Amino acid sequence: MAAWRSSRLAATSPSYIRLSSRRIPKGYIPMVLVGDTTETEERILVHVSMLKEPSMVALLDMAEERFGYNQKGVLSIPCDMNHFEKGLIELGFSVETINRLRT
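Everything numeric in this text was worked out from a predicted model, so none of it was measured.

I keep staring at the confidence of the model for the protein chain and nothing clicks. Help me out?
Fine structural detail should not be taken from predicted coordinates in areas where pLDDT scores are low. Chain-level statistics for the protein chain give a pLDDT mean of 75 and a share of 69% at 70 or above. In the predicted structure, residues 1-11 sits below a pLDDT of 50 and forms 30 contacts with residues beyond four places in sequence or in another chain.

What am I meant to see in the nonpolar core here?
Side chains that are nonpolar tend, in soluble globular proteins, to be buried together. Ile-44, Val-46, Met-56, Ile-77 and Phe-84 are the most contacted members of the largest nonpolar core, which has 13 residues in total. Among the elements of the structure, strand E2 (28-33), strand E3 (42-47), helix H2 (54-67) and helix H3 (81-90) are those that each provide at least two residues to this core.

Can you help me understand H3 in this one?
Think of an α-helix as 3.6 residues a turn; residues three or four steps apart then line up on the same face. For H3, the set of buried residues is Met-81, Phe-84, Glu-85 and Leu-88. Buried positions in H3, seen along its axis, are confined to an arc of 95° and lie on one side of it. The outward face of H3, more than 90 degrees from its buried face, is lined by the exposed residues Asn-82, His-83, Lys-86 and Glu-90. Its side-chain oxygen at 3.3 Å from the backbone nitrogen of Asn-82, Asp-80 defines the N-terminal cap of H3. Of the residues flanking the end of H3, it is Gly-92, one or two places downstream, whose phi is positive at about 105°.

Before we go on, may I ask you to explain the pairing of E2 in this structure?
Side-chain positions along a regular strand alternate between the two faces of the sheet. Across six bridges, the pairing between E2 and E3 is antiparallel. When the sheet's bridge partners are listed, Tyr-28 is paired in E3 with His-47. Both E2 and strand E4 (residues 75-77) contribute to a ladder of three bridges, which runs parallel. Pairing of Leu-33 across the sheet is with Ile-77, part of E4.

Please clarify how the environment of Asp-80 should be interpreted in this entry.
One can find Asp-80 in the loop between E4 and H3. Overall, the relative accessible area of 24% leaves Asp-80 in the partly exposed class. Remark: the alpha-carbon pair of Asp-80 and Glu-42, spanning 38 residues in sequence, is separated by 7.6 Å. There is a polar contact of 3.3 Å between the side chain of Asp-80 and the backbone nitrogen of Asn-82. A polar contact is formed between the side chain of Asp-80 and the side chain of His-83, at a distance of 2.8 Å.

I would appreciate a short explanation of the environment of Gly-27 in the present structure.
Structurally, the position occupied by Gly-27 is in the loop between strand E1 (16-18) and E2. Not counting the four nearest positions on each side in its chain, Gly-27 is found in contact with Val-46, His-47 and Val-48.

I would appreciate a short explanation of H2 in the present structure.
Taking 1.5 Å of rise per residue, the 14 residues of H2 would be expected to cover 20 Å, and the 20 Å separating its terminal C-alpha atoms lies within 8% of that figure. Against E2, E3, E4 and H3 lie the buried residues of H2. Gly-68 lies just past H2 and shows a positive phi near 85°.

Cut-off values and rules
Residues numbered from 1 in each chain as written. Predicted model: local features only at pLDDT ≥ 70, side-chain atom pairs only at ≥ 80, totals over all residues. Heavy atoms only, no water. pLDDT = per-residue confidence, 0-100. Contact = heavy atoms within 4.5 Å. Core = buried A, V, L, I, M, F, W, Y, C linked by side-chain atoms within 4.5 Å. Buried < 20%, exposed > 50% of the residue type's maximum accessible area, 1.4 Å probe, protein only. Helix = DSSP H or I, 4+ residues; strand = E, 2+ residues; numbered from the N terminus. Arc of directions from axis to C-beta. Polar contact = N/O pair within 3.5 Å; in protein donor to acceptor, adjacent residues only side chain to side chain. Pairing = 2+ DSSP bridges. Expected span 1.5 Å × (residues − 1).

See below:
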C-alpha cells in the first residue's frame, strides 16, 4: 500500500494511490475498483488530472451504465486493479512507478 503522506510520493504527484487511510489529500478523488465480483474491491485515490484521459472517461461512462449517477458513498468503477494498472502502462506510466505506489 502506498504511504501517500510520503514527501517522495507527494513530489511526484502519482496518478493513483491505493487508499490506506481515511484522509484524502487535496487533488485526489476516492474510488473503488470493482472487478467481476464484490470480493475483489480495491480502494484507490485518483488524481484529478487523470479525469481528462479518454480511458478514464470510458471507465466513468461504464460506471454510470452499471451503477447509475446516484451512487452513494465512494465512486465505484467497474474495473479490477490488474486492468486499471494495464491502462496506466498504456498511458505511458512506467512499471517502476506503478510498483513504487504499491509499497
